[in-house]
Amino acid sequence: MIVFAAIAPHGAPIFEDVGGATRRGMEELGRRFAAARPEAVIVLTPHGVHVDGHFAVVRSARLEGDASQWTPIDTSYEGPGEPRLADDCVRALQADGLPALGITFGATAAGASTMPLDWGALIPLWFMRAPAVVVSPSRALSNDQHVRAGAALARATGERRVALIASADHGHGHSDDGPYGFAAESAPYDARIQELVAGNDLGALVEIDPRWAVDALADSFWQLLMLHGAIGTAFDPELLSYEAPTYFGMLTASYARQD
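Residues numbered from 1 in each chain as written. Predicted model: local features only at pLDDT ≥ 70, side-chain atom pairs only at ≥ 80, totals over all residues. Heavy atoms only, no water.

Q: Any chance you could explain the overall build of the chain here in plain terms?
A: In terms of helices and strands, the chain carries eight helices and eleven strands. The globule rule puts the C-alpha radius of gyration for 259 residues at 18 Å, and the 17 Å found for the chain is close to it. The dimensions of the chain, computed from C-alpha atoms along their principal axes, are 45 × 40 × 40 Å. Relative to its 259 residues, the chain shows a buried fraction of 55%. Sequence-distant contacts, at least 24 apart, represent 79% of the contacts inside the chain between residues at least 6 apart. Surface accessibility of the chain: about 10300 Å² in total, with carbon and sulfur atoms responsible for 51%. Between the averaged position of the 18 positive side-chain charges in the chain and that of its 32 negative side-chain charges there is a distance of 9 Å. (Helix = DSSP H or I, 4+ residues; strand = E, 2+ residues; numbered from the N terminus. Rg over C-alpha atoms; globule rule 2.2 N^0.38 Å. Buried < 20%, exposed > 50% of the residue type's maximum accessible area, 1.4 Å probe, protein only. Contact = heavy atoms within 4.5 Å. Areas by Shrake-Rupley, 256 points an atom, 1.4 Å probe, with all protein chains shown as cover. Lys, Arg positive; Asp, Glu negative; His and termini not counted. Charge placed at Lys NZ, Arg CZ, Asp CG, Glu CD.)

Q: What should I look at first to understand the sheet that holds strand 11 (residues 250–257) in this one?
A: In any sheet, the strands associate via hydrogen bonds between backbone groups, in a parallel or an antiparallel arrangement. In space, the eight strands of this open sheet follow the order 6-3-8-2-9-1-11-10, with mixed pairing throughout. The open sheet terminates on both sides in strands that have one partner only, identified here as strand 6 (100–103) and strand 10 (235–243). Each adjacent strand pair in this sheet contributes to an overall mean axis angle of 20°, direction not counted. Relative to strand 6, strand 3 (residues 55–58) runs parallel, the two sharing four bridges. Residue pairing in the sheet places V57 in a bridge with G102 of strand 6. Contacting strand 1 (2–8), strand 2 (40–44), strand 8 (132–136) and strand 9 (162–167), helix 4 (residues 119–127) runs over the sheet at an angle of about 140° to strand 2. The strands that helix 6 (residues 186–198) touches are strand 1, strand 10 and strand 11; relative to strand 10, the one it contacts most, it runs at about 150°. (Pairing = 2+ DSSP bridges. Axes fitted to C-alpha atoms, helices over the stretch in contact; angles between N-to-C directions.)

Q: I'm lost on the packing of helix 5 (residues 143–156) against helix 8 (residues 221–231) in this one. Help?
A: To characterise two packed helices, one gives the angle between the axes of the helices and the distance between these axes. Remark: helix 5 packs on helix 8, axes separated minimally by 6 Å, with the N-to-C direction vectors making an angle of 50°. Our classification of the angle between helix 5 and helix 8 gives oblique. By crossing handedness, the relation of helix 5 to helix 8 is classed as right-handed. Contacts from N143, H146, V147, A149, G150, A151, L153 and A154 in helix 5 reach F221, W222, L225, M226, H228, G229 and A230 in helix 8. (Parallel < 35°, antiparallel > 145°, perpendicular 65-115°, else oblique. Left-handed = near helix turned anticlockwise from the far one by under 90°.)

Q: How should I be thinking about the pattern of salt bridges in this particular structure?
A: If charged atoms from side chains of opposite charge come close, those side chains can pair. Counted according to the given criterion, the structure contains twelve salt bridges. A salt bridge links D87 to R59; the shortest N-O distance between them is 2.7 Å. Taken together, the residues span a long stretch of sequence, with D87 in helix 3 (residues 83–95) and R59 in the loop between strand 3 and strand 4 (62–65) at a distance of 28 residues. Accessibility expressed as a relative area gives 23% for D87, which makes it partly exposed. The residue R192 makes a salt bridge to E195 at a minimum N-O spacing of 3.0 Å. Linking R192 with E195, this pair stays in helix 6, spanning three residues, or about one helical turn. Of the residues examined, R192 reaches a relative accessible area of 31% and is grouped as partly exposed. Put simply, E28, R31, R32 and E238 are held in one network by salt bridges that share partners. (Salt bridge = Lys/Arg side-chain N within 4 Å of Asp/Glu carboxyl O.)

Q: Hey, could you run me through the sheet that holds strand 5 (residues 77–80) in this one?
A: The three strands are arranged 5-4-7 in an open sheet whose pairing can be described as mixed. Each of the sheet's edge strands pairs with one partner strand only, and the pair in question is strand 5 and strand 7 (114–116). Here the average twist between neighbouring strands, direction ignored, is 20°. Relative to strand 5, strand 4 is paired through four bridges, and the arrangement is antiparallel. Counterpart to R62 in the pairing with strand 5 is P80.

So this is what it looks like as structure tokens:
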């Protein structure tokens, strides 16, 4: 079962502003994650391996990487994957009629494969460590399919104690001098996400046109749909932090089981 869930950002300010709100939020998520004692973690990342029109599930037994593309601070990470849980995730997705594929890197056998991690998976795992399955959504698929995928992943956990992390940065157009320029939709999008998280109403995303998220230059919408599908309203949320210290918005939130 899912014993803990979180929304976690993956931007370089987490490491570079060690006294900032986001860093404090990530450290608090780490404490709550540890207290939940998960045996494994599923990380939903917008920056992993993308397979056209499919959910991609990493089956590799080892995961490693760093965020040196974004920060000079040492962010090296090495950790175990969870191939058995990954296989169960693929089967659960496919059993629900969802397009999903298991992926490895280098070797076809999961036990001999080490998957290079993207920053979207690596940064949350740097704070919340457990054998991990990394899953990428697909923007080609519908809102409903993402919700159903989240439910399938939750079912795949079986009797294991599993944490679920939606790795998500939000609008990337808060500043004119950012790499994508200014987007008027970024601030309203981020404000709406904060409202939905605080109000335990991620289900409202189902009726929102994903083109709004695209226009807001956000990479959070699809993972949040999956998070909603996995936990519904059976968890109590706490919005720990939000800030947009550069051109993109970062939010930390924890979800605790109501039982």
